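Examination of the molecular architecture
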Amino acid sequence: MKIFAITNQKGGVGKTTTCVNLAAGLAQLGKKVLLIDLDPQGNATTGCGMDKNHVQHSIYHVLIGQCRIAEAIHPTTAEGFALIPANRNLAGAEVELVNEIGRETKLKTALAEIAESYDFVLMDCPPALNLLTVNALTAAQAVIIPMQCEYYALEGLSDLVNTIKKVRQHLNANLEIEGLLRTMFDNRNMLAQQVSAQLTQHFGDKVYETVIPRNVRLAEAPSHGMPVNVYDKSSKGAQAYLALSREVIKRNDLTI
Ligand code: ATP
Ligand code: MG
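First things first, this report covers the structure right here in the doc. Quantities reported herein were computed from a predicted structural model and do not represent experimental measurements.

Across the interface, helix H1 (residues 15-28) lies against helix H11 (residues 236-251) with an axial gap of 8 Å and an inter-helix angle of 70°. Comparing the axis directions of H1 and H11 gives the class roughly perpendicular. Here Thr 17, Thr 18, Asn 21, Leu 22, Gly 25, Leu 26 and Gln 28 of H1 come into contact with H11, specifically with Tyr 241, Leu 242, Leu 244, Ser 245, Val 248 and Ile 249. The class makeup of the residues in the contact of H1 with H11 is seven nonpolar, six polar and no charged.

Following this line, the structure appears as structure tokens:
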């Protein structure tokens with residue numbers, strides 16, 4: 001079982017889009033996938049077609065010990081992967097856990113209960129370096145960092161890399177960077193090309209070969225509660241996320 005945190009403290013860079021569509025792509029290629037929504041915004045939950053305001057067992061209940069992780073797992077029929085939903089309740093978890101011993105390891109402990117039930121677990125992090133993100137970084141084997149190739153992107157990246165180093169020192173010595181993913185890429189944009197070149201210079205083959213283009217189908221799909229490979233399989237966005245899924249499988253020495 002490979003556990004990935006999809007994270008970047010910068011907002012709106014394509015974390016949720018990547019989480020939902022990578023989960024769907026991996027499932028399409030025959031892998032067993034669990035998506036965990038760790039963001040009180042609940043965007044991944046909505047994007048999978050689930051009504052976030054009417055869930056009985058969510059990741060919040062798992063984290064505060066009100067239910068077992070297995071009880072919070074919901075099948076998503078069309079997409080072929082499983083989902084642990086989130087909603088705005090989750091924003092309270094940080095406060096409720098503040099005096100708890102081991103508050104950073106709640107998710108890791110819960111995941112141990114379902115060890116080896118899935119090929120991949122993908123966690124959609126909120127745009128913050130808070131306790132929820134720390135829980136994800138502690139539970140994960142590696143991080144996938146979606147980023148837009150903009151001027152401030154590299155600066156934000158060094159904050160994230162420092163956080164990863166701190167988590168390695170204190171909570172999860174083996175945490176790796178799985179890959180950096182260029183999202184919403186526009187090849188005609190000179191600045192994007194320059195930032196992309198700098199990124200490969202710094203991070204070498206940690207940068208995924210697959211580039212996710214800006215594609216309107218990717219933006220439309222969540223409003224229909226579907227990943228893009230269900231909403232419009234032939235779109236450029238669907239093709240890109242399928243290519244990414246293949247690359248992730250290959251990087252992890254798995255076969256399709
Ligand atoms: P947040 O930090 O708020 O959680 P996020 O990093 O999860 O945001 P998304 O919600 O995935 O980012 O994407 C932000 C917006 O950009 C959304 O409206 C999404 O539909 C759109 N979007 C993401 N990727 C693409 C793409 N490749 N092409 C076009 N639109 C995209
Ligand atoms: Mg998001």
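More follows now that the structure is in view.
Quick look at the site of ligand 1 now. In the region of ligand 1, 17 residues are neighbours, and Lys 15, Thr 16, Thr 17, Pro 213 and Asn 215 sit closest. Contact distances for ligand 1 include 2.9 Å between an oxygen atom and a backbone N or O atom of Gly 12. For ligand 1, an oxygen atom lies 3.2 Å from a polar atom in the side chain of Gln 41. Protein contacts shield 80% of the accessible area of ligand 1, which totals 630 Å² for the unbound molecule. The set of elements that each furnish at least two residues to the shell around ligand 1 consists of H1, strand S8 (207-213) and helix H9 (216-220). In terms of residue count, the dominant contributor to the shell around ligand 1 is H1 (three residues). Here the shell around ligand 1 is composed, by residue class, of seven nonpolar, seven polar and three charged.

Ile 36, Leu 38, Ile 59, Leu 111, Val 121 and Met 123 are the most contacted members of the largest nonpolar core, which has 47 residues in total. Aside from chain neighbours lying at most four places away, what touches Ile 59 is Ile 36, Asp 37, Leu 38, Ile 84, Pro 85, Ala 86, Leu 90 and Leu 107.

Take the packing of aromatic side chains next. Inspection of every chain in the model, using the stated rule, returns two aromatic pairs. Seen from their ring centres, Tyr 151 and Tyr 152 are 5.1 Å apart, and the 70° between their planes marks the pair as edge-to-face. The residues Tyr 151 and Tyr 152 share a single accessibility class, namely exposed. Over the face of the ring belonging to Tyr 118 we find Lys 32, whose NZ or CZ atom lies 5.6 Å from the ring centre.

Analysis parameters
Residues numbered from 1 in each chain as written. Chains lettered and ligands numbered in written order. Predicted model: local features only at pLDDT ≥ 70, side-chain atom pairs only at ≥ 80, totals over all residues. Heavy atoms only, no water. Axes fitted to C-alpha atoms, helices over the stretch in contact; angles between N-to-C directions. Helix = DSSP H or I, 4+ residues; strand = E, 2+ residues; numbered from the N terminus. Parallel < 35°, antiparallel > 145°, perpendicular 65-115°, else oblique. Contact = heavy atoms within 4.5 Å. Nonpolar A, V, L, I, M, F, W, Y, C, P; charged D, E, K, R; others polar. Near = heavy atom within 4 Å. Polar contact = N/O pair within 3.5 Å; in protein donor to acceptor, adjacent residues only side chain to side chain. Areas by Shrake-Rupley, 256 points an atom, 1.4 Å probe, with all protein chains shown as cover. Core = buried A, V, L, I, M, F, W, Y, C linked by side-chain atoms within 4.5 Å. Buried < 20%, exposed > 50% of the residue type's maximum accessible area, 1.4 Å probe, protein only. Phe/Tyr/Trp six-rings, centres within 6.5 Å; stacked < 30°, edge-to-face > 60°. Lys NZ or Arg CZ within 6 Å of the ring centre and 35° of its normal.

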